[in-house]
Amino acid sequence: MPRHHHTTGADAPGEHRVLDPATGESVATVPATTPGQVGEAVRCAAGAQRGWVDAAPADRARLLRRYACLVDEHIEELARLEVREAGHTIGNARWEASNARDLLDYAAGGVERLAGAQIPVAGGVDITFLEPLGVVGVIAPWNFPMPIASWAVAPALAAGNAVLLKPAEATPLTALRLAELALEAGLPEHLFQVLPGAGPVTGDALVTHPGVAKIVFTGSAAVGKSVMAKCAATVKRVTLELGGKSPNIVFADADIERAAATAPMSFLDNAGQDCCARTRILVQRDVHDRFLDLLAPAVAAVTVGDPADEGTDMGPLISAAHLERVRSYVPSGADAILGSAPEGPGFWYPPTVLTGLGPDAPAAVEEVFGPVAVVIPFEDEQDAVRLANATPYGLSGSLWTRDTGRALRVSRAVAAGNLSVNSHASVRYSTPFGGYKQSGLGRELGPGALAAFSETKNVFISSEE
Ligand code: NAD
């Protein structure tokens, strides 16, 4: 368990301090996992996995359901932990803990349905089996620690694998608690282990270990590319969930009031630290000025403050360094619609909509990962699609229109993995999620989640005498 103390200062070697982003105070110190300990964890996980896959599918499903129940009983505790280590609003944090529970429930239902196929061939019987990969490494970011870890951990376990989870340096506490609950639920020792530590040390040891069969990496595009390159050395399977610069396309024929009312939280939720944040608001020129007039009061109405307060819409950023990075994207004196943010300690930045930038400005092109969006006018449908696709990313996007034909045409034309029409919803545990282009590789969630943690084996049995 982490040691709790309240001093500030640099990390001692071999451990990480966890800070409360709302106050900057130290919450806990967590020991870092050395590469040698990673090797030992892989060895133990491989042993546990052999027993796990030999257990009856019904028993594995029952254990995962029991684990889901235990997470359910601890939602408030897990949510409070997330508020402290990540600065998430309590409402969001409760959703995040319940998402971890739902993922376990959904995956448990898949254990006994992970069926292969029997394919008609001449001279015998042909069967496919879906077999576990073995030991899976999951490297998670700090922006949604519980959901993103669970998106991989739950289906990987359900498909018969062991899992080693490397949480982000800033947010290891909920992951450690989830691993304790797994043991309490009766999952075999070493089957699911959490290995806190620095990305380039502990994370790298997982990526380069020959005993790890697959890496699921969620994080920045730069690190994702290096992870993918290193996986090539042992042809490790890899799923990448990387960044985004998602468009929110508002056509003149849309319900402009609703589009403007919902636009703020589509990029301010989780203080904009959301890979699906709709940070490029593309507005048809005919309604551009009216949209901005409606957007300004909607931005002003967003409550930024103490994340533990039930009425708060948006909390702080994760760290002082991240705050500086976000600030660097906003040119001084730029035309902007601004919200308010608390003064004083903690890593606060106000909701910011930049209204006068060209489409090539850094804030319009790069992922800011903070509460900053740009508004860019467009002329017609073709122009909207061109602008929407003018990015190396392709994760999410929204479009607002009352024209069903246009909704379908634009949905098919925008190169992104998750689109919503007259809505900003893009993540559900029961539907597939992932990126086009440099937003990622592979898909998580949805009906195919367990197959992503399985190898397909084909066996032909001759019936000849
Ligand atoms: P990051 O890439 O810095 O870190 C992500 C994880 O990788 C952390 O656990 C980190 O310790 C680890 N890591 C860092 N260097 C490593 C290395 N050399 N080898 C192995 N592991 C290493 O990203 P971040 O700042 O924590 O997260 C923010 C990014 O994550 C954003 O770009 C965001 O868009 C992306 N993200 C994507 C999705 C998605 O599903 N597509 C979801 C959430 C976040």
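Quick notes on the rules
- What you see as residue numbers is a count from 1 along each chain, following the sequence as written.
- Where local features are concerned, this predicted model is filtered to residues with pLDDT of at least 70; where side-chain atom pairs are given and counted, the filter is 80 or more; whole-chain, interface and lining totals use all residues.
- Only hydrogens and water are removed before side-chain values are computed, so all heavy atoms of the structure are retained for them.
- Secondary structure follows DSSP: runs of H or I at least 4 residues long count as helices, runs of E at least 2 residues long count as strands, and numbering of each begins at the N terminus.
- Radius of gyration means the value over C-alpha atoms here, while the globule rule gives 2.2 Å times the residue count to the 0.38 power.
- Areas reported as accessible are Shrake-Rupley estimates using a 1.4 Å probe. Residue values count occlusion only from the protein chains shown.
- Only four residue types enter the charge count: Lys and Arg as positive, Asp and Glu as negative, with His and the chain ends excluded.
- Lysine's charge is taken at NZ, arginine's at CZ, aspartate's at CG and glutamate's at CD.
- Throughout, the term near means that a residue has one or more heavy atoms lying within 4 Å of the molecule or strand in question.
- For this analysis, a polar contact is any N or O atom pair within 3.5 Å, provided that within protein one partner can donate a hydrogen and the other can accept it, and provided that sequence-adjacent residues contribute only side-chain to side-chain pairs.
- The definitions used throughout rest on a 1 Å grid laid over the protein atoms alone, on which a cavity is an enclosed set of points accommodating a 1.4 Å probe that cannot get out and a pocket is an open set flanked by protein within 12 Å on both sides along at least five of seven lines; lining residues are those having an atom within 4 Å of a point.
- To decide whether a molecule occupies a pocket or cavity, check its atoms: if more than half lie within 2 Å of the grid points, it is inside.
- When a carboxyl oxygen of Asp or Glu is within 4 Å of a side-chain nitrogen of Lys or Arg, the pair counts as a salt bridge.
- Summary of the burial criterion: residues with accessible area below 20% of their type's maximum are buried, those above 50% are exposed, and those between are partly exposed, where the area comes from a 1.4 Å probe applied to protein chains only.
- Patch definition: residues above 30% relative accessible area lacking any salt bridge, with like charges linked at up to 9 Å and the nonpolar side chains Val, Leu, Ile, Met, Phe, Trp and Tyr linked at up to 5 Å.
- What pLDDT expresses is the predictor's confidence in each residue, scored from 0 to 100.
- In what follows, a contact means two residues having at least one pair of non-hydrogen atoms within 4.5 Å.
- Grid points are joined across faces, edges and corners, and a volume is the space filled by probe spheres set on the points.
- Residue polarity is assigned by list, with Asp, Glu, Lys and Arg as charged and Ala, Val, Leu, Ile, Met, Phe, Trp, Tyr, Cys and Pro as nonpolar; anything else, Gly included, falls into the polar class.

A. Up close: the overall build of the chain. The helix and strand inventory of the chain stands at 14 helices and 18 strands. The C-alpha atoms of the chain give a radius of gyration of 23 Å, which matches the 23 Å a tight globule of 465 residues would have. With the C-alpha coordinates of the chain rotated into their principal frame, the extents come out at 80 × 65 × 40 Å. Counting only carbon and sulfur atoms, one obtains 55% of the accessible surface of the chain, whose full area is about 18,900 Å². Put simply, the chain has 37 plus and 52 minus side-chain charges, and the middle of one group is 4 Å from the middle of the other.

B. Region of the structure containing the site of the ligand. Not every one of the 27 residues close to the ligand is listed here, only the nearest: Ala-140, Lys-166, Ser-220, Leu-242 and Glu-367. Between the ligand and the protein, one listed contact pairs an oxygen atom with a side-chain N or O atom of Glu-169 at 2.7 Å. Between an oxygen atom of the ligand and a side-chain N or O atom of Glu-367, the distance comes to 2.7 Å. When the ligand is considered free in solution it has 840 Å² of accessible area, and contact with the protein chains removes 89% of it. In a pocket analysis with a 2 Å cut-off to the grid points, the ligand is assigned to the largest pocket. Looking at the shell around the ligand, the elements that each hand over two or more residues are α7 (199-208) and β8 (214-218).

C. Summary view of the pattern of salt bridges. Enumeration according to the criterion identifies 21 salt bridges in this entry. The shortest N-O distance in the salt bridge between Asp-20 and Arg-84 comes to 4.0 Å. Taken together, the residues Asp-20 in the loop between β1 (15-19) and β2 (26-31) and Arg-84 in helix α3 (residues 75-86) connect sequence positions 64 residues apart. Arg-386 is the salt-bridge partner of Asp-383, the closest N and O atoms lying 2.7 Å from each other. With Asp-383 and Arg-386 both in helix α13 (residues 381-389) and three residues apart, the pair spans about one turn of that helix. The exposure class of Asp-383 is buried, given its relative accessible area of 14%.

D. A nonpolar patch on the surface, seen in detail. Taken together, the side chains of Ile-119, Val-121 and Phe-460 define a hydrophobic patch exposed on the protein surface, amounting to about 240 Å² of accessible area. Here Phe-460 is to be found in strand β18 (residues 454-462).

E. How the structure looks around the confidence of the model for the chain. Of all residues in the chain, 97% have pLDDT values of 70 or greater, and the mean over the chain is 96. Mean pLDDT values for the elements of the chain range from 92 in β1 up to 99 in strand β6 (residues 162-166). For residues 1-9, every residue scores under 50 in pLDDT, and the model assigns this stretch 21 contacts once sequence neighbours within four places are set aside.

F. Highlighting empty space enclosed by the protein. Counted according to the given criterion, the structure contains seven cavities of 30 Å³ or more. Reported here for the largest cavity is a volume of approximately 80 Å³. Around the largest cavity sit Tyr-67, Val-71, Ala-100, Leu-104, Ala-149, Ser-150, Val-153, Ala-154, Leu-165, Leu-178 and Phe-192, which together line it. Elements that contribute at least two residues to the lining of the largest cavity include exactly α2 (57-73), α4 (90-111) and α5 (145-158). The leading source of residues in the lining of the largest cavity is α5, at four residues. A per-class count over the lining of the largest cavity returns 10 nonpolar, one polar and no charged. Considering only enclosed or pocket space, the second largest cavity measures out at about 60 Å³ in volume. Its residues assigned to classes, the lining of the second largest cavity shows four nonpolar, five polar and three charged.

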